[in-house]
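What the coordinates show
Here's the letter readout for the chains.
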Amino acid sequence: MASKPGILTEWPWTRLGSFKYLLLAPFVGHSIYSFFMSKDESQRDIGYIIIFPLLVSRIIHSQIWISISRYRTAKGNNRIVDRSIEFDQVDRESNWDDQIILNGLLYYIGYLKFEQVHHLPLWRTDGIIVTALMHIGPVEFIYYWFHRALHHHFLYSRYHSHHHLSIVTEPISASIHPFIEVLAYYALFNITALATEFTGTTSIASFVVYITFIDLMNSMGHCNFELIPKWIFSMFPPLKYLMYTPSYHSLHHTQFRTNYSLFMPIYDYIFGTMDKSSDKLYEHSVERKAEVPDVVHLTHLTTLESIYHLRLGFGSLASKPHTISKWYLWLMWPVTLWSIIITMVYDQKIIIERNLFKNLKLQTWTIPKFHRQYFSQWQRGTINNLIEAAIMEADQKGVKVLSLGLLNQEEKMNSNGEIYIRNHPQLKVKVVDGSSLVVAVVLNSIPKGTSQVVLQGRPLSKVACSIALTLCQRGTQVVTLDEEEYKRLKAMVTPTAATNMVLWKSTCVSKTWLVEDGLSEDEQLKAHKGTLFIPYSPFPPRKARKDCFYFNTPAMISPKHLQNLDSCENWLPRRVMSAWRLAGILHGFEGWNEHECGNMMFDIDKVWKASLDHGFSPINHVFLY
């Protein structure tokens, strides 16, 4: 919101939320009915029915741009501005589709009100030429001066400052304006439509091509990476006055008082508002190489819907925990099906996120395989090869630490990552499974004064065994549900500590359960009312009790100086980072020169202290029934 919001700042349908699209429903229904159901041929107008596909194409166009932009800025090559994007910007820009709804309403109402736009020809070359000339002349010129006026204190504080809150822009930042400001832009762009109408050269193409051109240039100008190659300007030098670049417009968002032009910098040159560093920034950005991170976190897809929750997917979904399915994702089943097919054949990791922790450069890579594929015997070899290839790529690039997240460090698959160390004993990159910090987080999640805990899992993992042994040594009773696991754990500890190992009995009174994601409903029903279920595995258990409390999977709250955190890690809340991911950061920052995989464990107290010293804090669970 602007610093001093003026009249007509808020969009009229803001309170409708996702239901705002219903505003278009009567028009869409009427256009479909009149085209397909009408017996009168004169009622079948392709110009009327094509409005809805145009709106859908605009949404798809914008989403393609945001996905590409986020991928390129995470990768680092040609990135322009290094400052971070945070959750407040994602929330502010979540209504980027409002202007598309407005566009649809104006087109539909305009069609129903004005007879002269009925039965337009699909294409007229002279109409395209008139549209281009009117844009180059009046539209660009008027926009330049209108834009300068918006930067006057009165209008800037009431309206345009809302757009400039996004210093580091994304493609959808181009659409984030107050309602009345967008109305003014649409009135300006309507000059081309009036010109073609006045000259009798209007066609469907003149509308479709022009609005697509506006979207293309707007998205390109607001993406935070330079994509215009130098050879274009070398071949035709005057082009620098006729077409802006992403780096050119980014200076307008960082300097505010320069580079006002819409798409053609010529007016900045004419009126002396061209930023003198424009050429230098362009040269720097276009030559910038891909970034080499210090620490990489290797994760993978989870549910089928997780492709939409990736940072490269829908930004508004990625900024919220992946917990509740959205109804409209059912409409995306063709895309979901396509993604499943792609994961069957695609054999490269994907860079999805970059962060900065003090002077440590971080990246998150994703293995394009879903959770269920990890349990498929015929996919297991392929997945292991993908993980190994990612480790080798990190090693070749000079990455210091690679942490294994989710099932990438599954014991049955790769022995907690040990198989890769055995295969490549000369690895320089340190492979971390995060077990020590996971144990530390779980132990510090147990309420103080707890004298007995229930430990569930078959078979017990490396983490579970470490938790059990530590608790027994500290004098806390550990109750196991499985007799074989009970015997196994008892054989691993000293006779004194073994007295704290207990086999489950119905009389067990413990209300603290340490569980894995395989916790069954029957096992949950054994727990007393008010029991705390504390997971020690990467995946949370399925909730079957409304009278018990479920902790997050092992994680900690990240400090404010961890930058560019604008998406949630799977089902975790905002700015909460899984212990497996955090372990790699600590490993890199502390400079620990050894792997943590296989049966290797670090000193738990040492790792916990390091996490607190670097500003990470425990989650303060607040429980509600």
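Calculation notes
- Residues numbered from 1 in each chain as written.
- Predicted model: local features only at pLDDT ≥ 70, side-chain atom pairs only at ≥ 80, totals over all residues.
- Heavy atoms only, no water.
- Phe/Tyr/Trp six-rings, centres within 6.5 Å; stacked < 30°, edge-to-face > 60°.
- Helix = DSSP H or I, 4+ residues; strand = E, 2+ residues; numbered from the N terminus.
- Buried < 20%, exposed > 50% of the residue type's maximum accessible area, 1.4 Å probe, protein only.
- UniProt positions renumbered as here; feature names shortened; annotations may be inferred.
- Arc of directions from axis to C-beta.
- Contact = heavy atoms within 4.5 Å.
- Pairing = 2+ DSSP bridges.
- Axes fitted to C-alpha atoms, helices over the stretch in contact; angles between N-to-C directions.
- Parallel < 35°, antiparallel > 145°, perpendicular 65-115°, else oblique.
- Left-handed = near helix turned anticlockwise from the far one by under 90°.
- Salt bridge = Lys/Arg side-chain N within 4 Å of Asp/Glu carboxyl O.
- Expected span 1.5 Å × (residues − 1).
- Core = buried A, V, L, I, M, F, W, Y, C linked by side-chain atoms within 4.5 Å.

1. As for the packing of aromatic side chains
For the coordinates displayed, the defined rule picks out 30 aromatic pairs. Arranged with centres 5.9 Å apart and planes meeting at 40°, the rings of Tyr143 and Tyr185 form a pair that is tilted. Here the residue Tyr143 occupies a position in helix 6 (residues 125-150), and Tyr185 occupies one in helix 8 (residues 179-199), the gap between them amounting to 42 residues. Here Tyr143 and Tyr185 have matching classes, each one buried. Taking the centre distance of 5.3 Å and the plane angle of 25° together, the rings of Tyr144 and Phe271 count as stacked. Of this pair, Tyr144 sits in helix 6 while Phe271 sits in helix 13 (residues 266-271), and the two are 127 residues apart along the sequence. Phe271 sits in the partly exposed class, given a relative accessible area of 33%.

2. Re the UniProt feature "domain: Very-long-chain aldehyde decarbonylase CER1-like C-terminal" (unreviewed entry) in the protein
In this numbering, the UniProt entry assigns the feature "domain: Very-long-chain aldehyde decarbonylase CER1-like C-terminal" (unreviewed entry) to residues 454-618. Along residues 454-618 the backbone is 32% helical and 16% strand, and the end-to-end C-alpha distance reaches 22 Å.

3. What to know about helix 27 (residues 604-613)
For helix 27, the full list of buried residues reads Ile604, Val607, Trp608, Ala610 and Ser611. Within helix 27, the buried residues cover an arc of 160° as seen down the axis, which keeps them to one side. Exposed residues pointing more than 90 degrees away from the buried face of helix 27 are listed as Asp605, Lys609 and Asp613. Those residues of helix 27 that are buried are in contact with helix 21 (435-443), helix 22 (462-473), strand 12 (555-557) and helix 26 (579-590).

4. Comments concerning the sheet that holds strand 1 (residues 295-300)
Taken in spatial order, the 6 strands line up as 5-4-1-3-2-13 in an open sheet, and their pairing is mixed. In this open sheet, the two strands that pair with only one neighbour each are strand 5 (430-432) and strand 13 (562-563). On top of the sheet, helix 3 (residues 51-75) reaches strand 2 (350-357) and strand 3 (360-367); it is set at about 55° to strand 2, its chief contact.

5. A short note on the UniProt feature "transmembrane region" (unreviewed entry) in the protein
UniProt records the feature "transmembrane region" (unreviewed entry) at residues 18-36, 48-68, 127-146 and 327-346, using the numbering of this structure. In residues 127-146, the share of helix is 100% and the share of strand is 0%. The end C-alpha atoms are 26 Å apart. As annotated, residues 327-346 has a helix share of 65% and a strand share of 0%, and its two end C-alpha atoms lie 28 Å apart.

6. What about the pairing of strand 1?
For strand 1, the buried fraction is high: 6 of the 6 residues fall into the buried class. Both faces of strand 1 are covered, namely the face carrying Val295, His297 and Thr299 and the face carrying Val296, Leu298 and His300. Sheet topology note: the strand 1/strand 3 ladder contains 6 bridges and is parallel. Bridge assignment links Val295 to a residue of strand 3, and that residue is Leu362. Where strand 1 meets strand 4 (residues 401-404), 4 bridges bridge the pair, whose relative direction is parallel. For His297, the partnering residue across the bridge sits in strand 4 and is Ser403.

7. Re the packing of helix 22 against helix 23 (residues 483-492)
The relative placement of two packed helices comes down to the angle between their axes together with the axis-to-axis distance. Following both chains from N to C, one finds helix 22 and helix 23 inclined at 60°, their axes separated by 10 Å at the closest point. With respect to helix 23, the element helix 22 is oriented oblique. With respect to the hand of their crossing, helix 22 and helix 23 are arranged in right-handed fashion. Judged by residue contacts, Cys465, Ala468 and Leu469 of helix 22 engage Arg488, Leu489 and Met492 from helix 23.

8. Some thoughts on the pattern of salt bridges
Per the counting criterion, the structure on display carries 30 salt bridges. Across the pair Arg288 and Asp82 runs a salt bridge, and its minimum N-O distance is 3.0 Å. Of this pair, Arg288 sits in the loop between helix 14 (278-287) and strand 1 while Asp82 sits in the loop between helix 3 and helix 4 (87-92), placing them 206 residues apart in sequence. Salt bridges sharing partners connect three or more residues here, namely Arg79, Asp82, Arg288, Glu291 and Arg354.

9. Regarding the sheet that holds strand 9 (residues 512-515)
The 6 strands lie next to each other as 8-7-6-9-10-11, forming an open sheet whose pairing is parallel. On the outer flanks of this sheet lie strand 8 (501-503) and strand 11 (549-550), each paired with one strand and no other. Of the pairings in the sheet, the one linking strand 6 (residues 452-455) to strand 7 (residues 477-480) comprises 4 bridges and is parallel in character. Residue pairing in the sheet places Gln452 in a bridge with Gln477 of strand 7.

10. Quick word on helix 18 (residues 377-397)
In this model helix 18 runs 31 Å from its N-terminal to its C-terminal C-alpha over 21 residues, within 8% of the 30 Å that 1.5 Å per residue would give. Along helix 18, the positions that sit buried rather than exposed are Gln379, Arg380, Ile383, Asn384, Leu386, Ile387, Glu388, Ala390, Ile391, Ala394 and Asp395.

11. Some words on the nonpolar core
Leu437, Leu455, Ile467, Leu471, Val478, Leu514 and Tyr536 are the most contacted members of the largest nonpolar core, which totals 55 residues. When residues of this core are assigned to their parent elements, the largest contribution, 8 residues, is made by helix 22. Residue contacts for Leu437: discarding those within four places in its chain leaves Ala579, Leu582, Ala583, Leu586, Val607 and Ser611.

12. What about unusual backbone geometry?
The omega torsion of the bond from Arg458 to Pro459 falls at -15°, within 30 degrees of zero and hence cis. Mapped onto the elements, Pro459 comes out in the loop between strand 6 and helix 22. One non-glycine residue, Ser415, lies in positive phi territory at about 55°. Within the fold, Ser415 resides in the loop between helix 19 (411-414) and helix 20 (418-423). In the Ramachandran plot, Asn570 falls in the positive-phi region, its phi being about 55° despite a non-glycine side chain. Here Asn570 is to be found in the loop between strand 13 and strand 14 (576-578). In this structure Asn570 comes out as buried when scored by relative accessible area, which is 19%.

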